[in-house]
Amino acid sequence: MAQKAVQLDQETISCPICLDPLNDPVTIPCGHSYCKNCIKDHWDTEDEKRIYSCPQCRKSFTPRPELLKNTMLAALVEELKKTGLQAAPADHCYAGPEDVACDFCTGRKLRAVKSCLSCPASYCEKHLQPHYDVAPLKKHKLVEPSDNLQENICSRHDEVLKIFCRTDQQCICYLCSVEEHKGHDTVSAAAERTERQRELEGSRHNIQQRIQDREEDVKLLQQEVEAINHSADKAVEHSEKIFTQLIRLMEKRRSDVKQQVRSQQETEVSRVKELQEKLEQEITELKRKDAELKKLSHTEDHTQFLHNYPSLSALSESTHSSSIKIRPLKYFEDVTAAVSEVRDKLQDVLRETWTNISLAVTDVDVLLPKPEPKTRAGFLRYSCEITKDPNTANTRLLLSKGNRKATFTGQHQSYPDHPDRFTVWPQVLSRESLTGRCYWEVEWRERGGGVGVAVAYKNISRAGNSDECEFGFNDKSWRLFCYTYRYNFNHNTVQTSISGPRSSRIGVYLDHSAGILSFYSVYDTMTLLHRVQTTFTQPLYAGLQINWPGGFVEFCKLK
């Protein structure tokens, strides 16, 4: 309690101007006390106005009051100094370079805690107190400390800008409103602020929504980056594995050829050397025989010559010379030619397949769709083989040609019950789901009822004859309907008449991620009949519809 009392006394004997303990305290006529030098300096600044006011209660005096020492406060200050009164506030209470300083502090200024838009001035905690205690000052508008209070004062009339001119879109004072802004559309600044605040909140809401949307987009793109990296890593890993297998296969084939050639080389060389050795042995034997005959020919004794001649003159018949046939020899040149042929074929295969591999790589495009092909050859790059799903076929449709052709018949087919089957509409869906870029063509013929070429989501309704089941009459399917001399396009019950050359072959191009679906008349050239630009939320399935007996539609083989 003693500490609290000292604190209270400290506040009581502090000068409201310098906030230090009163030094040579004086009391002015309104009862407030100040350091003599502080109030003197303050009033010196008001000499030109000839009106002197109290810094706390704003009471005015004329003439300038005489300053008399308050002996009681002087004695109290001296007493409190002896009991440990702090002489100055802590350093953190003073205004720094980044702070708004109190306009009423003298000497080292304290940090302002509020600014008054009505005064206009900024106040520290001590000098702000009258705004809480004095009735007229309580009505003033207090805001967070600001260095820009002068912007709230009219430069022409030196009055507070409390009015907003909507005509000129600027803040004005009340004198401006009756002079140069007379007759303009004016409201109070507070009212305009309220309206602008609503607009601001709307703008902030839009910005925050856009931020949220962009953050979601960034998150999706990050997921896309991770998916791209994962897919690329898998593709590289798989390709490395395949090429490694191919290289190992080639290495094995190379080793096999080498081994076979060397083995055959060894066999043939062995046979030749074996014959060579026999021939060399025969040559040696012949030379020995020739030497004996030569010696016999030089014998002078006729009796001895005739005695030895029969045994030396007889020659054994050679069995080798007749087995050696002279012919052009190729040895292993045929092997070289065969290996070269393999090389040439592999080069051709790699050259052709490399084009497909390169196209498959460059077709990866996450953000921007590829332009639609201009020629049929360009479309055929995306051709896919499509067959019908028998479990979806209406019982009046006969499937043939490996489930590529559907014909409307007068008899019901004995298909088993299946929840995917169209029970009323003569329709059928493909077995294959369609995503990415796809192209297919259909041949058609109608007998008065027309045929439909469509795409649909798998969850299209199947049972019954409602619009939810028929291609083109719901939000789950898109259909080009072909008659002998005209076309119609249907989606979600909206029908569009299409003009274009009549053709018994229709090409369909789908870029699922880009949301593009195009129908073409295919004849000598391709003519665009209708293009859809939308957003596909599920994989699509190719659909066919035949409405009259004798009509048929067939998925064409393009590869």
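Cut-offs and rules
Residues numbered from 1 in each chain as written. Predicted model: local features only at pLDDT ≥ 70, side-chain atom pairs only at ≥ 80, totals over all residues. Heavy atoms only, no water. Helix = DSSP H or I, 4+ residues; strand = E, 2+ residues; numbered from the N terminus. Contact = heavy atoms within 4.5 Å. Areas by Shrake-Rupley, 256 points an atom, 1.4 Å probe, with all protein chains shown as cover. Pairing = 2+ DSSP bridges. Axes fitted to C-alpha atoms, helices over the stretch in contact; angles between N-to-C directions. Disulfide = S-S within 2.5 Å. Buried < 20%, exposed > 50% of the residue type's maximum accessible area, 1.4 Å probe, protein only. Patch = residues over 30% accessible without salt bridge, like charges linked within 9 Å, V, L, I, M, F, W, Y side chains within 5 Å. Salt bridge = Lys/Arg side-chain N within 4 Å of Asp/Glu carboxyl O. pLDDT = per-residue confidence, 0-100. Arc of directions from axis to C-beta. Core = buried A, V, L, I, M, F, W, Y, C linked by side-chain atoms within 4.5 Å. Phe/Tyr/Trp six-rings, centres within 6.5 Å; stacked < 30°, edge-to-face > 60°.

Undergrad: Mind showing me how you'd approach the overall build of the chain here?
TA: Counting secondary structure elements, the chain contains 11 helices and 24 strands. Considering only intrachain contacts with a sequence separation of at least 6, the fraction spanning at least 24 residues in the chain is 54%. As displayed, the chain has an accessible area near 36,300 Å², and 52% of this comes from carbon and sulfur atoms.

Undergrad: What is the right way to look at unusual backbone geometry in this model?
TA: Excluding glycine, a negative phi dihedral is what most residues carry, and trans is how most peptide bonds are arranged. Of note, the bond from T62 into P63 is cis; its omega dihedral lies within 30 degrees of zero at 0 degrees. One can find P63 in the loop between β4 (60-61) and β5 (68-69). For the bond from C119 to P120, the omega torsion is -20 degrees, close enough to zero to count as cis. Within the secondary structure, P120 is located in the loop between β6 (114-116) and β7 (121-123). Positioned with a positive phi, D158 is a non-glycine residue whose angle comes to about 60 degrees. Here D158 shows up in the loop between β8 (142-143) and β9 (163-165). Phi at N492 takes a positive value of approximately 55 degrees, unusual for a residue other than glycine. In this structure, N492 sits in the loop between β18 (487-491) and β19 (494-498).

Undergrad: Explanation requested: the sheet that holds β5 in the structure shown.
TA: Across a sheet, strands are paired by hydrogen bonds formed along the backbone, either parallel or antiparallel in direction. Overall, antiparallel pairing links the 3 strands, which are arranged β2-β1-β5 in an open sheet. Each end of this open sheet is capped by a strand with a single partner; those strands are β2 (33-35) and β5. In this sheet, β5 lies alongside strand β1 (residues 25-27) in antiparallel orientation, the contact comprising 2 bridges. Opposite T27, over in β5, you have L68 as the bridge partner. Contacting β1 and β2, helix α2 (residues 36-44) crosses the sheet at an angle of about 95 degrees to β2.

Undergrad: Help me understand the state of the cysteines in this model?
TA: As used here, a disulfide is simply a covalent bond connecting the sulfur atoms of two cysteines. Within the structure shown, the criterion is met by 0 disulfides. C124 supplies the cysteine sulfur nearest to C93, a cysteine that is in no disulfide, at a spacing of 9.6 Å. For C93, a relative accessible area of 27% corresponds to the partly exposed category. C116 carries a free sulfur, and the closest cysteine sulfur to it, the one in C119, is 3.3 Å from it.

Undergrad: Explanation requested: a nonpolar patch on the surface in the structure shown.
TA: Side chains of I242, F243, L246, I247 and L249 sit close together on the surface and give an oily, nonpolar patch of about 430 Å² of accessible area. As for its placement among the helices and strands, I242 is situated in helix α8 (residues 189-297).

Undergrad: Would you take a moment to explain the pairing of strand β12 (residues 397-400) for this structure?
TA: Strand residues, when the strand is regular, have side chains that alternate between the two faces of the sheet. Burial along β12 is one-sided: L397 and L399 are buried, and none of L398 and S400, which face the opposite way, are. Strand direction decides the pairing type here: β12 and strand β13 (residues 405-408), joined by 4 bridges, are antiparallel. Looking at the pairing, L399 lines up with A406 of β13. Count of turn residues in the β12/β13 antiparallel hairpin: 4 residues, of which K401 carries a positive phi of about 50 degrees.

Undergrad: Explain the sheet that holds strand β21 (residues 516-522) to me, please; I cannot follow it from the model alone.
TA: One open sheet holds the 7 strands; their spatial order is β12-β13-β24-β15-β20-β21-β22, and the pairing between them is antiparallel. Pairing within the sheet leaves two strands with one partner each, and these edge strands are β12 and β22 (526-533). Neighbour-to-neighbour, the strand axes of the sheet open up by a mean angle of 20 degrees, direction not taken into account. Relative to β21, strand β20 (residues 505-511) is paired through 6 bridges, and the arrangement is antiparallel. In the sheet register, D511 faces β21, and the bridge partner there is I516.

Undergrad: Please explain the pattern of salt bridges as it appears in this structure.
TA: Close approach of charged atoms allows side chains with opposite charge to pair. Tallying each qualifying case throughout the model produces 27 salt bridges. Its salt-bridge partner being E144, residue K114 comes within 3.1 Å of it at the nearest N-O pair. Of this pair, K114 sits in strand β6 while E144 is found in the loop between β8 and β9, placing the two residues 30 residues apart along the sequence. A relative accessible area of 23% places K114 in the partly exposed class. Residue classification places E144 among the exposed positions, given a relative accessible area of 55%. In this structure, R166 engages E192 in a salt bridge whose closest nitrogen and oxygen atoms are separated by 2.7 Å. Here R166, found in the loop between β9 and β10 (170-172), pairs with E192, found in helix α8; they are 26 residues apart in sequence, far enough to count as distant.

Undergrad: Honestly, the side chain of R404 in this entry has me stumped. Any pointers?
TA: Assignment of secondary structure puts R404 in the loop between β12 and β13. Residues within four places of R404 in sequence aside, it is in contact with I386, T387, K388, V553, E554, F555 and K557.

Undergrad: Help me out: how do you make sense of the confidence of the model for the chain in this one?
TA: Close inspection of predicted coordinates is inappropriate in any region flagged by low pLDDT. Predicted confidence across the chain gives a mean pLDDT of 86, with 90% of residues reaching 70 or more. Taken together, the stretch residues 1-9 has pLDDT below 50 and engages in 1 contact with residues farther than four places along the chain or on a different chain.

Undergrad: Teacher, can you tell me more about α2 here?
TA: Three- or four-residue spacings in an α-helix give side chains the same orientation, since the helix completes a turn every 3.6 residues. Residues C38, I39, H42 and W43 constitute the buried set of α2. An end-on view of α2 places all buried positions within 125 degrees of arc, on one side of the element. Looking at the packing, one finds that the buried side of α2 touches β1, β2, β3 (52-53) and β4.

Undergrad: It is not clear to me how the nonpolar core should be interpreted in this structure. Could you clarify?
TA: One broad trend across soluble globular proteins is that nonpolar side chains are buried collectively. Membership of the largest hydrophobic core comes to 36 residues, with the highest contact counts inside it found for W440, V442, W478, L480, C482, I506 and L517. Counting residues in each nonpolar core, the second largest holds 19 residues, with C18, Y34, C54 and L67 among its members.

Undergrad: Explain the packing of aromatic side chains to me, please; I cannot follow it from the model alone.
TA: Any two aromatic rings considered together are summarised by their centre-to-centre distance and by the angle between their planes. Within this structure, the stated rule accounts for 13 aromatic pairs. Ring geometry for W43 against F61: centres 6.5 Å apart, planes inclined by 65 degrees, an arrangement best described as edge-to-face. Taken together, the residues W43 in helix α2 and F61 in strand β4 connect sequence positions 18 residues apart. In this structure W43 comes out as buried when scored by relative accessible area, which is 0%.

Undergrad: Is there a simple way to think about the environment of V428 in this case?
TA: Relative to the assigned elements, V428 resides in strand β14 (residues 427-434). Separated by 117 residues in the primary sequence, V428 and Q545 have C-alpha atoms spaced 6.7 Å apart. Apart from the residues lying within four places of it in its own chain, the contact partners of V428 are K388, D389, T392, A393, L397, A406, F422, F471, A542, G543 and L544.

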